[in-house]
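The primary structure of each chain is shown beneath.
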Amino acid sequence: MATITRPEIVDDVLSDERLEEIWKDPPGFIGFLKTVDHKRIGIRYIYTAFVFFFASGLLALVMRLQLAGPNMGVLSPEAYNEFFTMHGTSMIFLFNTPVLAGFGNYLLPMQIGTRDMAFPRLNAFSYWVFVFAGIFLYASFLVGSPPNGGWFAYTPLTDRVYSAGQNLDFWGLAVVFIGISTTVGAVNFLVTTIKLRAPGMTLNRLPVFVWSMLVFSFMVVFSVPVVTTAAGLLELDRLFGTQFFVPALGGSTLLYQHLFWFWGHPEVYILFVPAQGMVSMIVPVFSRRALAGYVWVVASLVAIGFISFGVWVHHMFATGIPPLAISFFSAVGLVIAIPSGIQFFAWIATMWKGVVELTTPMLFALGFMLIFLLGGITGVMVSVLPFDWQVTDSYFVVAHFHYVLNGAVVFPIFGAVYYWMPKMIGRMLSERLGKASFWTMFVGFNLAFFPMHILGFLGMPRRVYTYQSGLGWDALNLLATIGAFVFAFGVLLSLVNFVWARWRGAPAPPNPWQADTLEWMTASPTPEYNFAQIPVVESRHPLWDQDPMPVSESGGDPETRALGREGAARKETPLTSGMRAEPAGAMTVPEPTYLPFVLALGIAVLVAGLLVQAVLIGVLGLVLGAVGLVRWTWRTAETP
Amino acid sequence: MSTALDPVGTVPRTISVAAPPPARHEGYGRGFWGVAILIATEGMLFLALVATYFFLRAASTSWPLGGIEPPEIGVRAWVFTALLLGSSVPIFWADAAVKQGDYRVVRVALTISSLMGAAFLVNTVLDFRDLTFGWDTNAYGSIYYVIVGLHATHVGAGLVISAVVQIKLWMGLIDAEHHTAVEVFSLYWHFVDAVWIVVFASVFISPHLR
Amino acid sequence: MSRHRRVLGVAGVFAATVALAGCGGASMLDPKGSEARHIAGAWWVMFGLAMFVYVVVAVFIVGAVLRGRRRRRPEGSGISDGAFVWVGGIIVPALILFVIAVVTVDTTAALRKPDRRALRVDVRGQDWWWEVRYPGTGIRTANELHLPVGRPIEVRLTSDNVIHSFWVPQIGGKVDVIPGQPNYFRFTIEKAGLYRGVCAEFCGVQHANMAFYVRAESPGLFDRWEAAHAQPPSEPADELAAQGALVFQRVACAGCHTVRGTQAVGTKGPDLTDVGSRHALAAGTLENSAASLRRWIADPQHYKPGALMPQVPLSGDDLTKIVAYLTSLK
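Because the structure is a prediction, the values reported are computed rather than measured. (Residues numbered from 1 in each chain as written. Chains lettered and ligands numbered in written order. Predicted model: local features only at pLDDT ≥ 70, side-chain atom pairs only at ≥ 80, totals over all residues.)

Asker: How would you explain the confidence of the model for chain A if you had to name every residue and give the values?
Answerer: Residues and elements named next belong to chain A. For chain A, per-residue confidence averages 93 on the pLDDT scale, and 97% of positions sit at 70 or higher. By mean pLDDT, helix 1 (residues 7-11) is the weakest element of chain A at 39, and helix 4 (residues 38-66) is the strongest at 98. Contacts for the low-pLDDT stretch residues 1-11, under 50 throughout, to residues beyond four places or in other chains number 14 contacts. (pLDDT = per-residue confidence, 0-100. Helix = DSSP H or I, 4+ residues; strand = E, 2+ residues; numbered from the N terminus. Contact = placed C-beta atoms within 7 Å.)

Asker: Go over helix 16 (residues 431-457) of chain A with me, naming the residues and quoting the values.
Answerer: Between its first and last C-alpha, helix 16 of chain A extends 40 Å over 27 residues, near the 39 Å set by a 1.5 Å rise per residue. After helix 16 of chain A finishes, the residue Gly459(A) shows a positive phi value of roughly 90 degrees. (Expected span 1.5 Å × (residues − 1).)

Asker: Hey, could you go over the pairing of strand 1 (residues 572-576) of chain A for me, with residue numbers and the actual values?
Answerer: All names here are of chain A. In terms of burial, strand 1 is a largely internal element, five of the five residues being buried. Bridge analysis of strand 1 against strand 2 (residues 583-588) gives five bridges, and the strand direction is antiparallel. Bridge pairing links Thr576 to Pro583 in strand 2. (Buried ≥ 20, exposed ≤ 12 C-beta atoms within 10 Å, placed from the backbone. Pairing = 2+ DSSP bridges.)

Asker: Give me the sheet that holds strand 6 (residues 164-167) of chain C: which residues, what numbers.
Answerer: Residues and elements named next belong to chain C. Pairing in this open sheet of five strands is mixed, and the strands run 4-10-9-6-7 from one edge to the other. Looking at strand neighbours, the two that pair on one side only are strand 4 (144-148) and strand 7 (175-177), the edges of this open sheet. Along the sheet, successive strands turn relative to each other by an average axial angle of 25 degrees, direction set aside. Note: strand 6 against strand 9 (residues 193-199), two bridges, orientation antiparallel. If you follow Trp167 over to strand 9, its bridge partner there is Val198. Across the sheet, helix 4 (residues 219-230) is in contact with strand 4 and strand 10 (211-217); its angle to strand 4 comes to roughly 130 degrees. (Axes fitted to C-alpha atoms, helices over the stretch in contact; angles between N-to-C directions.)

Asker: Can you break down the interface of chain C and chain A residue by residue, with the values?
Answerer: Taken residue by residue, the interface counts 78 residues in chain C and 75 residues in chain A. At the level of elements, helix 1 (2-23), helix 2 (34-70), helix 3 (81-110), strand 6, strand 7 and strand 9 of chain C are the ones that each hand at least two residues to the side of chain C that touches chain A. Counting residues per element, the side of chain C that touches chain A draws most heavily on helix 2 of chain C, at 17 residues. Considered class by class, the residues forming the side of chain C that touches chain A number 45 nonpolar, 22 polar and eleven charged. (Nonpolar A, V, L, I, M, F, W, Y, C, P; charged D, E, K, R; others polar.)

Asker: Talk me through the confidence of the model for chain B; I want residue IDs and the actual numbers.
Answerer: All names here are of chain B. Here chain B averages 86 in pLDDT, and 87% of its residues register 70 or above. When mean pLDDT is compared element by element in chain B, helix 1 (residues 30-58) scores highest at 95, while helix 3 (residues 88-100) scores lowest at 90. Scored below 50 in pLDDT, residues 1-25 makes 45 contacts in the model with residues more than four places away or belonging to other chains. Per the prediction output, this complex has pTM 0.93; the corresponding ipTM is 0.93.

Put into structure tokens, the structure is as follows:
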């Protein structure tokens, strides 16, 4: 390379440009495979998750066509069953969870004022596992046997006797596989928050979104192993002939339901808590004041995390468990409404006394509130035991959980995209197109899902590929189909908006929304090292209360050596003490490496080997994984 | 701070900033926390399986199912249980010794503990050979094989990790500053032992209580 | 403001829900059984509370936005943040939840109680139809339950295949039909009529076509039906039907279906002893008429793809005879 001496760099060798040189990934595809930068990984997580969002959205549109009228022939019954199974499975496992993990990956280190995650390579690993699991699940379409047992895959319908093909093996193995990604990601979020907060970022100054990712991670750690057990035992039954869920030989089908919902119910809140966290970030910024009742909101998130573990039988009210035993779960289901109520009124209070600005992110947050309000109310209703007997497994429940999972999770995610995308891509999205997209989505959403409540009352069960005319269902179904397409058009507008902004949008200033949290301190897009000098946090709203924002210098001692530019130049990021967030050391951010990719690939090969029951392929995967793992721990020994 | 006048791009990876003393770990490091949380997920996995065991038991009229005899808990079972639990003791020594830089003690302690663990593992494998039922006989057989087998796998994995730690010690990759590997392994091994208490109580002792 | 209108709009749609649900054909809000009536009662209480909560909170949200848009700088005084959280977020919801808890306990306590005088009916979920037996009478039928009005009824639900769920919205809530665990659905029907039920748990490829009917009759009519059907049907009077009976025995039909009193004793498919009297064919897939019966037998896979009934090659003549025979079975 030519030697060009640039004067400003001679003056200060640790200029931003120089740090960028040190931190940047190798160019091109090699860098793509090797990166451990939490921002690249986070953004990639989000993009990949959206690919699955569009895929499973398309499945939903075809299903709505099939249901537009009675006795339609768009899909065969087999195809319809495959479509709804894949729609549910990929929305939950491949869109909602990973997209939130993506935002967490991107935002959490910046919001707590550090340069990367606690385990950057593990972070890359969890991304690769997610991608491979997604490809694995969708590969089922290529071999013509996508999962078809519903997204909760109840036995015995899903055991070998009733589902002989590989369809359910794709499902069971993918669930176990992606569980690795989610779990490892949660470990990373937890340790990052425990060890890597900037000096002064005490727990009571953490942004609400960081709190929500903490709760997310705790819930993942304690619930995902249980769904892994459920899917794992199902696969043992299917592939190796164990008898866990075979009633004739002492197995129990209800056991599967208990295991599945012990994760399945918290999972709803796993998705929902970070979405609420996002809303609690957006609403105060566009109300130009601090969030009302910060402590209450945080306590609510934590409370939701705990209470949600006591609600799983909620999904099994009609299984014949004695009413007395269930009434406990019925009561817990009611109680969980209180933390949500607290958050609602915290947001209302924030806006009530603030200066409200109706930007696109704010519109999505408001749309979320109006939709989630209804989804929350119907949520209270379905926890009323006898009422649930009527509506469970009917379209009322389909309406309810779409109000919660689509309305109350996807709307905040779109709000978050509009809010944080300028930081990610360095360009502003169009507000006009954004607002058009919001209104189209909002109208389409309600048009699509509101009529489903009524369909439930009229006795339409869920998961039917067709229905007879003359039951009073025709018009409402047609309306729902129209709504679904309107909603999809709104989503398309946002996609257009993004594509346009990505290449043509106006350059984004560092803090376009005058927000309060640390990620807005950095340039847009954020440089590889995030902060040349780690900020010194003295407030819950550093960018509002601390002007100019103080940053730290590297000291000569081990505690503070990583804080300043010298630390950044050594690719270090500071460690701080648990509670008070005082400087306590340094960690070195690892160089880009193939290892995460190799290890994830090894596991993918192993899973594929299990699917086709080929010992050789399985062993190959194991060897590949083991080599990756050993090499990995070796590096750790050199750079602890 | 000294400054090197390298033009951008020529030697991008060498920065000569006066190196401060090496980083020190305050309290438990990242690695420890990471493994501790991963172990919590493992704990949930075993909890789910033990819950499965008792759920299946509660759902059947006789236990074990199908006239299978409850597992024997004779002298041998107690001896090997004591052996596995006892193997945690040398790990405590190793943990303390590594911080003092006394690597000989670490090596000896790890070796003793590994031998005890290996003996336990051999016994478990022999036990499996004597079983009169398979994992496909009925639900009891399935949960028995999965719980005991998964625990044995963990013991086996522990032996491998122990060997890796030994190799690292031998190669000088572990010192008073860099002993996360030992810390992490000891945490893991204590966990595997603790799980055995639960497994032993539920799979081996509980069928005798009714 | 358009926002106000939207809130009103939502309320309007809610009202439309109610209207529709109230007068629609088989709505759970048009109850004909004890359980459905109790649940509908609980629903109306919850609906009132829900309307109240939705409107109040939505008005607060919209009001907060409108207030906030008019202002130039955040307000210092007025209602405190704590007041919002305490009153709106904790006290009021707790009161409402308390009411709902009382409603829950009250409604639950009234439902599904065992009664020793109950009429017992055994229902088995099959792939994809319902087998119905009346213990002690020898009556077996399929996809249709004859039940008396006013008497306590206990339906015993079993399955030897996958999980199904028994749901007649106008009579009561769902009870899952679980292999290895008999469940009981206990209720009373309050009004005579024909009520449609469905399988509500996804059970495989033809889950959508697994409906059934409950024919609720006065106790007198029911007793007469029961007495008449305890005996096997008499020989077909009609010449064509008699020939049909012979064809039925000769071709594959009898291997899977039973007609009591004949040599047809197959159990894979629905019992056809009274098929001519049923409201629908193939578990609610087709209306019951000679024409649709003919179409169904000629090509079952066209109407119910994946169902276990194969297409049996039959001459047009044989088909006519079989249809005549089956429609004669009342």
